[in-house]
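Chain by chain, the residues run as shown.
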Amino acid sequence: MVTTLLEKETAEQTMQSTVQLQMDNILKVNNLEIFYGEKRAVNGISMDIEKNSVTALIGPSGCGKSTFLRSVNRMNDLIPGARAQGEILYEDINILSEQINVVALRKEIGMVFQKPNPFPKSIYENITHALKFSGIKKKSQLDEIVEESLQKAALWDEVKDRLHKSALSLSGGQQQRLCIARTIAMKPTVMLLDEPSSALDPISNSKVEDLIVDLKKDYSIIIVTHNMQQASRISDKTAFFLSGDLIEYDATEKIFTNPSVKKTEEYISGRFG
Ligand SMILES: Nc1ncnc2c1ncn2[C@@H]1O[C@H](COP(=O)(O)OP(=O)(O)OP(=O)(O)O)[C@@H](O)[C@H]1O
Ligand SMILES: [Mg+2]
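Overview of the structure. Each chain has its residues counted from 1, running along the sequence as written. Chain labels run from A onward and ligand labels from 1 onward, assigned in the order the entries are written. The model is predicted, so local features are restricted to residues of pLDDT at least 70 and side-chain atom pairs to those at 80 or more, both for listing and for counting; the totals for chains, interfaces and linings are taken over all residues. Excluded from the side-chain calculation are hydrogens and water; included are all heavy atoms of the structure.

A few words now on the overall build of the protein. Helix and strand labels come from DSSP, where a helix needs a run of H or I of at least four residues and a strand needs a run of E of at least two; each type is numbered from the N terminus. A count of helices and strands for the protein gives twelve helices and ten strands. Here the globule rule is a power law, 2.2 Å times the number of residues to the power 0.38, and the radius of gyration is based on C-alpha atoms. Taken over the C-alpha trace, the protein has a radius of gyration of 19 Å; the compact-globule value for 273 residues is 19 Å, and the two agree within 12%. In terms of overall dimensions, the protein has a C-alpha envelope of 50 × 50 × 35 Å along the principal axes. Under the scheme applied here, a residue whose accessible area is under 20% of the maximum for its type counts as buried, over 50% as exposed, and between as partly exposed, the area being computed with a 1.4 Å probe on protein chains only. Burial analysis of the protein (273 residues in total) assigns 53% to the buried set. Here a residue-residue contact requires only that any non-hydrogen atoms of the pair lie within 4.5 Å. Long-range pairs, those at least 24 residues apart, make up 67% of the contacts in the protein with a sequence separation of at least 6. Surface summary for the protein: the accessible area is close to 12900 Å², and the carbon and sulfur share equals 50%. Positive charge is attributed to Lys and Arg, negative charge to Asp and Glu, and no charge count is given to His or to the chain ends. Just so you know, the charge point we use is NZ for Lys, CZ for Arg, CG for Asp and CD for Glu. Computing the positive centroid from 33 side-chain charges and the negative centroid from 36, the protein places the two 5 Å apart. Residue-level accessible areas treat just the shown protein chains as cover; the underlying method is Shrake-Rupley with a 1.4 Å probe.

As structure tokens, this is what we get:
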């Protein structure tokens, strides 16, 4: 996997120059700074992300959660003037390196956005589009992946008889689960979810939450949420951001019952933000 992300010689150089990852961490962030032009939005944060766990990012609007999340699969590259410094190690490779193949990286580190964004195509094509692009052409194989990813996203039973209907005919909650299925189909190792259920009704929201808990068997998940109950229900670790700083990062239970920093306590108890 690793060698698909980098040119071979560069991979060797990068491996020599970076800290080895702990076995149970999938990502290691070292002194990450992110700028939009002159303005710094993330102020040198460091954190390890555990494998097969759910990590929640919380904090008031504008504190840098989405900026951080997008840096993990290099989506900030699409924003003119955005740049990052520091390291995000994934399989011992700094994914911020210039030599990274970002298309390969985004297959391994998939992202689901706040607003469901299916393509204006059929449900089936939404899932197969990127697969075909990555070289899978056989119909039987595509059929199999479509069913498997829709099953995993808890959507199969609702759509199995209408796979060739437009994805836009689905409800918002179904569209979001389709976007999750589309990400799962690429078999990523890490899934980045930016407020994935904020636009959903309570039933769809609870389906998406169950799904996230279920997915951590196979994936490492980082989720941004403004919903404190959601963070405490589904995450193993919680990171509290404030004005681009990582204020506190600990086991979710600790953050929500006995945080070490006063600002965290004030935020989770609703005193600001
Ligand atoms: N494309 C951009 N260009 C310039 N500045 C940006 C851009 N995106 C975000 N910012 C700025 O970076 C800071 C962090 O924004 P970010 O979107 O990461 O916050 P957030 O924690 O995700 O907030 P929210 O909870 O509202 O989604 C803010 O000051 C924001 O104005
Ligand atoms: Mg955001």
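From this point on, the discussion continues.
A few words now on the site of ligand 1. In this text, near means that some heavy atom of the residue lies within 4 Å of the molecule or strand in question. In the neighbourhood of ligand 1, 15 residues make up the surrounding shell, with Ser61, Gly62, Lys65, Thr67 and His226 lying closest. Residues adjacent in sequence count toward polar contacts only when both atoms are side-chain atoms; beyond that, a polar contact is any pair of N or O atoms within 3.5 Å, and within protein one must be able to donate a hydrogen and the other to accept it. Residue Cys63 places a main-chain N or O atom 3.2 Å away from an oxygen atom belonging to ligand 1. Between an oxygen atom of ligand 1 and a side-chain N or O atom of Thr67, the distance comes to 2.5 Å. The fraction of the free accessible surface of ligand 1 (630 Å²) that becomes covered by protein chains is 65%. Mapped by element, the contributors of at least two residues to the shell around ligand 1 are β2 (39-50) and α3 (65-72). With four residues, α3 is the largest single contributor of residues to the shell around ligand 1. Counted by class, the shell around ligand 1 contains five nonpolar, six polar and four charged residues. Nonpolar residues are Ala, Val, Leu, Ile, Met, Phe, Trp, Tyr, Cys and Pro. Charged residues are Asp, Glu, Lys and Arg, and all others, Gly as well, are polar.

Moving on to unusual backbone geometry. A positive phi angle, near 65 degrees, is found at Arg74, a position not held by glycine. Following the sequence through the fold, Arg74 ends up in the loop between α3 and β4 (82-90). Here the phi dihedral of Ala154 falls at roughly 55 degrees; this positive angle occurs in a residue that is not glycine. Take Ala154: it is sitting in the loop between α6 (139-152) and α7 (156-159).

With that out of the way, let us pick up the sheet that holds β2. Spatial strand order, β2-β1-β4-β5: four strands in an open sheet with antiparallel pairing. Strands at the two margins of the open sheet, each flanked by one partner only, are β2 and β5 (93-94). Strands were regarded as paired on the criterion that DSSP finds at least two bridges between them.

Bringing helix α5 (residues 123-133) into the picture now. Residue pairs three or four apart in sequence face the same way in an α-helix, which turns once every 3.6 residues. Within α5, the full set of buried residues consists of Ile123, Tyr124, Asn126, Ile127, Thr128 and Leu131. Tucked into the core, α5 has its buried residues touching α6, α7 and α8 (172-185). A positive backbone phi angle near 105 degrees is found at Gly135, which sits one or two residues after α5.

Attention now goes to empty space enclosed by the protein. Points on a 1 Å grid, built from protein atoms alone, make a cavity when a 1.4 Å probe fits but cannot get out and make a pocket when they are open with protein on both sides within 12 Å along at least 5 of 7 lines; residues with an atom within 4 Å of a point are the lining residues. Grid points are joined across faces, edges and corners, and a volume is the space filled by probe spheres set on the points. Evaluated as defined, the whole model comprises one cavity of 30 Å³ or more. Size it by volume and the largest cavity reaches roughly 40 Å³. In terms of lining, the largest cavity is formed by Ile145, Glu148, Ser149, Lys152, Ile184, Ala185 and Lys187. Listing elements by their share of the lining of the largest cavity, those giving two or more residues are α6 and α8. Ranked by the residues each element gives to the lining of the largest cavity, the list is headed by α6, at four residues.

The next subject is the nonpolar core. The biggest cluster of nonpolar side chains holds 44 residues, and the ones touching the most others in it are Leu150 and Ile180. Element by element, the count of residues in this core is highest for α8, at six residues. If we ignore the near neighbours within four places in the chain, the residues touching Ile180 are Val112, Ala153, Met191, Val208, Leu211 and Leu215. Each nonpolar core is a collection of buried residues, namely Ala, Val, Leu, Ile, Met, Phe, Trp, Tyr and Cys, held together in the definition by side-chain atoms within 4.5 Å. Core analysis: the second largest hydrophobic core is formed by 34 residues, Leu32, Ile34, Leu57 and Met111 among them.

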